Structures are given as structure tokens and as C-alpha cells.
Protein chains: 2
Amino acid sequence: MPAILNPSLLILHHHHHHARLSTAVLSLRHRLNFSLFSHSRTSFRAYSTSSSSLSIESSANQKVRTGRSGSVSSPPVEYDNAEKIDVNPPKGTRDFPPEDMRLRNWLFQNFREVSKQFGFEEVDFPVLESEALYIRKAGEEIRDQLYCFEDRGNRRVALRPELTPSLARLVIQKGKSVSLPLKWFAIGQCWRYERMTRGRRREHYQWNMDIIGVPDVTAEAELISSIITFFKRIGLTASDVGFKISSRKVLQEVLRCYSVPENMFGRVCIIIDKIGKIPMDDIRKDLQSADMSDVAIEELLQVLSLKSLAKLEEKLGASGEALSDLKQLFSLAEKYGYSEWLQFDASIVRGLAYYTGIVFEGFDREGKLRAICGGGRYDRLLSTFGGDDLPACGFGFGDAVIVELLKERGLLPELNLQVENIVCSLDQELQGAASAVATILREKGQSVDLVLENKPLKWVFKRAARINARRLILVGNAEWQKGMVNVKTLSTGEQLEIKVNELE
Amino acid sequence: MPAILNPSLLILHHHHHHARLSTAVLSLRHRLNFSLFSHSRTSFRAYSTSSSSLSIESSANQKVRTGRSGSVSSPPVEYDNAEKIDVNPPKGTRDFPPEDMRLRNWLFQNFREVSKQFGFEEVDFPVLESEALYIRKAGEEIRDQLYCFEDRGNRRVALRPELTPSLARLVIQKGKSVSLPLKWFAIGQCWRYERMTRGRRREHYQWNMDIIGVPDVTAEAELISSIITFFKRIGLTASDVGFKISSRKVLQEVLRCYSVPENMFGRVCIIIDKIGKIPMDDIRKDLQSADMSDVAIEELLQVLSLKSLAKLEEKLGASGEALSDLKQLFSLAEKYGYSEWLQFDASIVRGLAYYTGIVFEGFDREGKLRAICGGGRYDRLLSTFGGDDLPACGFGFGDAVIVELLKERGLLPELNLQVENIVCSLDQELQGAASAVATILREKGQSVDLVLENKPLKWVFKRAARINARRLILVGNAEWQKGMVNVKTLSTGEQLEIKVNELE
């Protein structure tokens, strides 16, 4: 049935606010004067901006002071060299306007659903933690880039760079009140402070899954299975991405062989993680300063180049834990049915100090991007926080690289706003009636965009299209007096008069 | 049919890791030594703790430095007066263990679903913003408690105390690229820094809904409707909670009447918001310092005591905007069907400087709790950030008071972990087979807790009960050789052998 609009519905309604709205345009150059309470220690620097710059200012009468020690009655002090601030979010951070938020929600929803399919429970921790939680062995990139500061009570605090230390803290706090194994996941914002601008952000969101209390490699196998389940859900295959697998026990066995002190282990791992990022000469120098002989260094580098378990067995023998763990993992991968996603790569050590066993890293097969995710076993983390150790493993999966990859593969989902109904009165007198209709539909579980001003029908149709409404419901005088409204199905143009109490 | 377990399934499997796990208990008193790189400006103070205290320490060999300027090679400096840190989250912040996270997710899910029913789009902003965004008129509690600091690049930044300034920033940034009205919602963590401990937290989550571009009171009516929809969803009625409504234009008209300068308006509002919190003498003194005569003050206080629109009309006359806005809002409330939730109360002004028109506050009728939520119109906020003003209104709804209220009314939902299946192999050799079974079920959309170690059946049943599993699926040798597994429905005890490829 073709759409036949009731002619009475086609009258354009001019509204007293319409002109006001359309002239209320935003000028990015609009400025006022800015006065600030002077801070002796503080220098205001403009954020580097792309093109537009915006200043915040106050009128002469506005008494503006910083939040440090504000009170109502003390007089404001003028700050002379006030500079502009930007309407952009702080450097390295993001706003999430609706289109970006839809993508974030889609990603997080997939993280959540996979985690729940694997029986994991969601947890979270404060984004602000005591700095002491992140003070570990030096050398980790994550440590050097800690977003730390002193709070107003002179405590050293930090925006969390990762979630695992908080998890460990909570596990110790809970003590025996929780039954093992714990299977916990979290999705949280993590921060790092980089002095240089490399186009990298200072915050990202990270999905973590952790298993506490399982010493067997079955735990690592389960974690990798969950990531692969996630990859498959969002359309990635084993030809797009893979996992490089190794174990830190490989290094440990080499170090033991050459009598390198046990306490150098974490440090050596972090040096090795920098291979490919800094010159080999610097790597060798750093290893020397970690009490390694030249012979040991060359042997270590040779072992790190191995790409097959058979070759590793030739080097290390068949009896060590490194090899048996890795063999067990690859054997479980077969049973799970994800062997084709995995490859042994002895050069993988990961950049965190606390890993002790299996380590893994998700990568794109085209080799264009940084690691997609990474994880491993960290059986000795809890004791560094004063707890008794528990076997543990987990992974972190950021929200940045995966989105780059999906974009490149054309796999980003189309996520449009969709509101089921748009409800509009045809007469200012009927605004309340339109509210009543919207309420009825919402009580039946429908979503409704209620037009809150008297607008021309042309405007309403444009908005209906923008929000992908399925139906346009017009509340006009003639119909309303019969207890009816005009319901237009926008995909077909079909239009019906329906009793208000029969709306579904 | 009564449950008859196959006797072969009843053998208890003793596992080599079992003893290891059960002895790996957590001691909250366990300590190590802690060494820290010395900071000249830094004093470490212990967080006040309830009972247990925990220290983080490093072994003599662990080289620990702060993140300020860490690098691999420079030597660590010992810090002599190292004190303990706590396994509790920083003072005033929360962890979210699974049970608390389930409640948070339930709450947020209701926020989201209501917002979507009203056609709002979700947005978010950085939790860390430039401090300048919050530098407004002095006197606001939110300003005085700003969680601000200097970052490593000497920029003044703050953990956001509220979401509205970020929203305004984004709206200005987007400029004409967005079509009005915007209907945006956000759920974000907000921070405040209180020096005193009053049992109040330093962070909370806040649900915000904002309408940008609608000058009419229809926008406020829609916002209040959405909050009421939320209240109803979670089981609250008009006899549990209500809204106190006023308009700042009431004050404005009184101030104009007594020739109080326009620029004192925000300041007067904030003073008035403190009525009931600080002595009346101080209120009077503060109002005097805001250029108000004693006569004007007494008149103002009298107007503020009004609780009916009729009385207000007697005072202000029928012609002002204050009265017409309020009348329109109460008239719309009738059409929406939520009149019984509202009451006029001239004493409501809200504590934020930027409100300009209607203000409202959700309260519990027993009067035991602080405001549940609050909002209003802020038509002149954008120009304080250098943008052109747009008509705007919104509300903030915290996650603290509502939970207190639900607890008190016995309305907190029971939210238990629920994993549909627990899958367990009866033999360590069959661990891989159990993984395969778990994978099959997960591919069919089921959630599965896979037992990752060889555990006694008694343990497995206990875990099944804890996770509220519907089915226990046992992978035993005899069945597996026939391509079958043992499926036990836990509510009935019914037990069946099912072909693996027929599992649903």
C-alpha cells in the first residue's frame, strides 16, 4: 500500500524556537577573558592542538580560583599569563562520542560474552592505585611509563598501567574466603605516561582473564581457547591471526646451565623482550651487566631463535619442565581444535617482570601491527605483594590493536543508532498527549525518541531517518479526539490509524 | 526418575596437585622487605586500615625504583623509612569483587536500558581532564573537593568530579557536525578529594542524561520521566521516592527585585544550597557578602520556604518565567502520569553553579538519605567554555544512595553467578576430551565451567552448586569410547548418556 499522508499532517509548523536554535551556531573561535588564581609551582602550558584552539575565560566579575584550597570568601587573584585551553580531551586521551561508544560497547560486549561462556566472573578495581603496587624490578616499559603523581594528601598514587597487580591485591585480601580456582575477568581503563608524542595514546581499555589456583597448563590452554573464541566471533580466522608461544622456563634452564644468579631472571627476560626494539649491541651490553658471560649470551640468543619444539628438545633435552609444559599445551590445543592458531617461538618472553612459565602473544599474520594481546603464567606474583603464592595465569587484551586490525580487514561492524519509534505531536497543545503516547510505548518495552519541540514535518522525517526509526507516530488533533494516533511504518510507507491503547 | 550414578563415576580421584593447592593458604601477615628510591618531596604515609596491614617489600636483590624516571641501568637507592602498604584499595575507593560487580552491572544495565528506551545515545569522556574545565565560581563543594594534581609534564589535571563539563567540551568540539537536539547519556566514574574521613567515598559512578538544544520545559519533563521509569523498573514507587522541583528563575526574580547584581546569581545559589548544612547565621553573612541587603535576604528566605505554586504566584505574580516554566512542568507531569511523584519546593537550588532554570532533586520520602539524584537546566554553561550557548538540561544519578535505599527497602536483587554447565573429565588422560566437549557446548552458545584439574567428584559437585550449574557433564573412559558423555541435570538428579555431537 503506497503511503498517503493525511493532508492535514503536511502543514509545516513554524515554531517560535526554531529561529533561535538555528542561529545558535557554535563558533570555535569565540573567546572570553580568563583569570586564574596564581599557582607558584604551576605553569600553564597549552596542549598541542591540531587546528582549532579555544580559550576558557571568565568575565571580569567571575571569581575564579583553582580547586586546591578554594573557599567562598577569599578574594580571587588575577593570573596574568593565562593561556588557552583546548576543547579536545587531554593529550593522549579520547572522548567517546556516540559512534565511538557504539564500537566500544560492541567490543566490550564480545569480551563479556566470551568470558561468561568460559564461566568467568567479572571484577573491577580502582583506576587509581597506590604507586607501591607497581614498583617492581626496573626496566619494564610499563614501570618507566607509570602515570604517577602525588595526591593532595601527599600520597604517591598512580593511574593503573595494568590490571594484574590489583587482581593480586584483591586475591590476597580475600584470602581463604574464596574457593579456588578463581576464574575472573575484567575490562578496565589503563594508563601510561609517555613524554614523547609517538601518536600512541596514554590510555587504553584492557580485557583481562585470569585463572588463580590452577598449576596445570590446562589453564593456559583454556585462556587461549577463550581468545580464539573471541577472534572467531568477530570474524577473524587462523589465517588472520595466530599465537606465538614459549615458556620462560626455557630461559631459566639456559641461565641455570650457565650459573646466572636466579635473581637476574626477571631482568634478563625484560632485556630480551627488547630485542628488535633496541640495537643488538645494547641488548648484549645489558645482558653482560646482568651477570651473563659472553658464552652464555650467545647460547641464550641461539636458543631464542628456535622455532620448533624438536629443535628445543635437541638443545635442552627432554626432561625439563619447559619442554613438558610446551608439549602439553600443544597437545591440548589439538584436542580443543585450535592447533593451527599456535606456533612455538622461543623469542617470545613478554615485557612484564612477573611471568614465570608459559608466555603467549597474539599477532597478526601480516606482521604489520604490534601484539594484539599477551599473557602467561605468573606463579610468584602474590608473594611480591606479601601474600602466599598461588599458581596463576592470565592475559591482557587491549582495545587499540584489535580495532586497527578489524579496520584493515574490513571487519568493523556497522553499528547505527536505532530507536524503534519517533513520536511527534502535530500541535503544541498536544505535546502532553505525545508524552502520554511515548510513555505507553516505553511501558511496553519499546524505545521512543519523543520530539520535544514543535518542528516542521520535514525536520521530523529527517530525524526519523537519522535515528533509523522503524515507525513514526504522529499525534494529531482529529485522531487524538478519537483516542487514536497515526502510525507510519517508515520502511514501507504504510500508514494506519491505531487506537492508543492498542499500540504495541 | 531417581538419580542413579554409575558406580564407576564414584571413584574419588586423588590428584598430585590437590595437596599443593590446599596448603597454598593466604597469610595476611606475610611480609617481605621494601626498599624504595628516595623522593626528596615525597613522604610515605600509611593508609589508615581497619585491621590487617600488609607490607610490600623487595628482597635485597630486587632493585626497586619509582616510576618517575626509571631506567634499566641506574643503581637503586635504598629508602630507609619504608612503611607498610595495605591490600585494601586506596582510601575512599572500592574493589568490585564478583558479587559487587554483579550489582554494579545490574544497576548500569538498568541505567542503559532506560536511557535507550528514551532514545538516548551513550557517550563517554576521559576520567582525567584538564583542571581548567572545573574552574568555575568558587564555593561549590564539587570545586573545593577537586581531585587535582600536577602530572609528570607539569600540567594541572583533575580526575573528573562530574560529567557535565566534559559533555559541554565535546558539544563545543563537535560544533555544527551534530544535529540537535542531542540526547546523550553516560555512566562514568567521578572523583572528589575530601581531606576528612566521613565514611564518604572518594569515587562514585554517575549516570547522566542530557538534552542539548531544547529550550522548552518538555526536556526537563522527559528527563524526570526517564528517572521515574528507572525507579519503577527497580521496584520503587511514588510512596518510596519523590522529586522536589523548583526553578532558579524564582531566585533570579527575587534578586532582580532587590537589584542584586546579575553576576552574584551563581554565588547566591550556592550559598542557598548550603541551608541546612551550615548555621543560618553563616548563610546570612555569606548572602550579605554577596551584595544582598538584609531586607532582600529576609524576603529571599521567605520565598525559599514556599511549598506551593499558588503561594509562589501570590509572591511573584503570574507573569514571570519562573512560574510559567514550573506550571508547564507540572502540567506535563500530569500528561505523563507522574504527578504524584512531584512536589514544588522553592528551597531546592542544587549545588552546581551553572544551573539557570528548572532544578530538581530525587529524594527518599522517609528523609533518611542524601539526595538520590539531581539535575536541571544549564542554558549558559557552553559560553563559560568559549562556545556559543545552547539550551541544555540534564541530571546526575549516583550509584551510592540508590543502593542504600534499595538495601533499606529490601529491594536489592539476588544476583548469583550462574554457569549453565560444568564439564569434568574422570581421568587425567581425558582432560583433552573434556576440553573438546566444553568447546562443542560453547560453540552452541552455552556457558561452561571446565574443571582444569583432576579433582574428587565431591569437589566437583560442590563447585557445581557454587556456580549454580544446571548440568554436570562427566567425561569418563567407557562412555567416551562410545563417543558419549554422562549428563546429569542437577536440579532433578536425572542422568543420561548423550552422544557428544548431540549435546545441546
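Computed from a predicted structure; not experimentally measured.

J.: Please explain the sheet that holds strand β11 (residues 392–398) of chain B as it appears in this structure.
T.: Strand pairing in a sheet is mediated by backbone hydrogen bonds. Such pairs are either parallel or antiparallel. Residue and element names in this part refer to chain B. What the eight strands build is an open sheet, ordered β1-β5-β6-β11-β10-β9-β7-β8; its pairing is mixed. On the outer flanks of this sheet lie β1 (121–122) and β8 (342–344), each paired with one strand and no other. Lying over the sheet, helix α2 (residues 98–117) contacts β1, β5 (182–191), β6 (203–212) and β11, oriented at roughly 5° with respect to β6.

J.: Is there a simple way to think about the domain arrangement of chain A in this case?
T.: How large an interface is tends to be reported as the accessible area lost when its parts come together. When the domains of chain A are assigned, the result is domain 1 (98–409) and domain 2 (419–499). Using only C-alpha atoms to locate each centre, domain 1 of chain A and domain 2 of chain A end up separated by 53 Å.

J.: Which parts of the structure should I look at to understand the UniProt feature "binding site: L-histidine" (unreviewed entry) in chain A?
T.: Residues and elements named next belong to chain A. The feature "binding site: L-histidine" (unreviewed entry), as annotated in UniProt, sits at E162, L163, T164, R192, Q206, D210, R350, Y354 and Y355 in this numbering. By the secondary structure assignment, R192 is in the loop between β5 (182–191) and β6 (203–212). R192 gets classed as partly exposed once you look at its relative accessible area, which sits at 23%. Aside from chain neighbours lying at most four places away, what touches R192 is Q145, Y147, R200, R201 and R202. Among the polar contacts listed, one links the side chain of R192 to the backbone oxygen of R201, at a separation of 3.2 Å. Looking at the element boundaries, Y355 is found in the loop between β8 (342–344) and β9 (358–364). Not counting the four nearest positions on each side in its chain, Y355 is found in contact with R248, F265, V349, R350, G374, G375, G376, R377, Y378 and G394.

J.: Which parts of the structure should I look at to understand the pairing of strand β4 (residues 156–159) of chain B?
T.: Every regular strand shows the same layout, with side chains that alternate between the two sheet faces. Residues and elements named next belong to chain B. The alternating pattern of β4 places R156 and A158 and V157 and L159 on opposite faces, both of which are buried. Judged from the four bridges that link them, strand β3 (residues 147–150) and β4 form a sheet pairing that is antiparallel. Residue pairing in the sheet places C148 in a bridge with A158 of β4. The loop that links β3 with its antiparallel partner β4 comprises five residues; one of these, N154, has a positive phi angle of about 60°.

J.: Hey, could you run me through the packing of helix α2 (residues 98–117) of chain A against helix α5 (residues 218–233) of chain A in this one?
T.: Think of two packed helices as two axes; the pair is described by the angle between the axes and how far apart they sit. Residue and element names in this part refer to chain A. With their axes 10 Å apart at the nearest point, α2 and α5 run at an angle of 135° to one another. Comparing their axes, α5 and α2 come out oblique. Both α2 and α5 take part in a crossing whose hand is right-handed. Residues L107, N110, F111, E113, V114 and Q117 of α2 form the contact with α5, whose own contacting residues are S226, T229, F230 and R233.

J.: When you look at the environment of Q481(A) in this model, what are you seeing that I'm missing?
T.: With respect to the helices, strands and loops of the structure, Q481(A) is situated in helix α16 (residues 477–481). Separated by 244 residues in sequence, Q481(A) and T237(A) place their C-alpha atoms 59 Å apart.

J.: For this particular structure, what's the right way to read the pattern of salt bridges?
T.: Oppositely charged side chains may form a pair once their charged atoms are brought near each other. The final tally for this structure, using the stated rule, is 75 salt bridges over all chains. Note that E313(A) and K327(A) form a salt bridge whose closest N and O atoms lie 3.0 Å from each other. Note that E313(A) is positioned in helix α10 (residues 309–316) and K327(A) in helix α11 (residues 321–336), a separation of 14 residues in sequence. E443(A) is the partner of K232(B) in a salt bridge, and the nearest nitrogen-oxygen pair spans 3.9 Å. Note that K232(B) is positioned in helix α5 (residues 218–233) and E443(A) in helix α14 (residues 431–443), a pairing that runs across two chains.

Definitions and limits used
- Residues numbered from 1 in each chain as written.
- Chains lettered and ligands numbered in written order.
- Predicted model: local features only at pLDDT ≥ 70, side-chain atom pairs only at ≥ 80, totals over all residues.
- Heavy atoms only, no water.
- Pairing = 2+ DSSP bridges.
- Helix = DSSP H or I, 4+ residues; strand = E, 2+ residues; numbered from the N terminus.
- Contact = heavy atoms within 4.5 Å.
- Axes fitted to C-alpha atoms, helices over the stretch in contact; angles between N-to-C directions.
- Domains from an automatic or database assignment.
- UniProt positions renumbered as here; feature names shortened; annotations may be inferred.
- Buried < 20%, exposed > 50% of the residue type's maximum accessible area, 1.4 Å probe, protein only.
- Polar contact = N/O pair within 3.5 Å; in protein donor to acceptor, adjacent residues only side chain to side chain.
- Parallel < 35°, antiparallel > 145°, perpendicular 65-115°, else oblique.
- Left-handed = near helix turned anticlockwise from the far one by under 90°.
- Salt bridge = Lys/Arg side-chain N within 4 Å of Asp/Glu carboxyl O.

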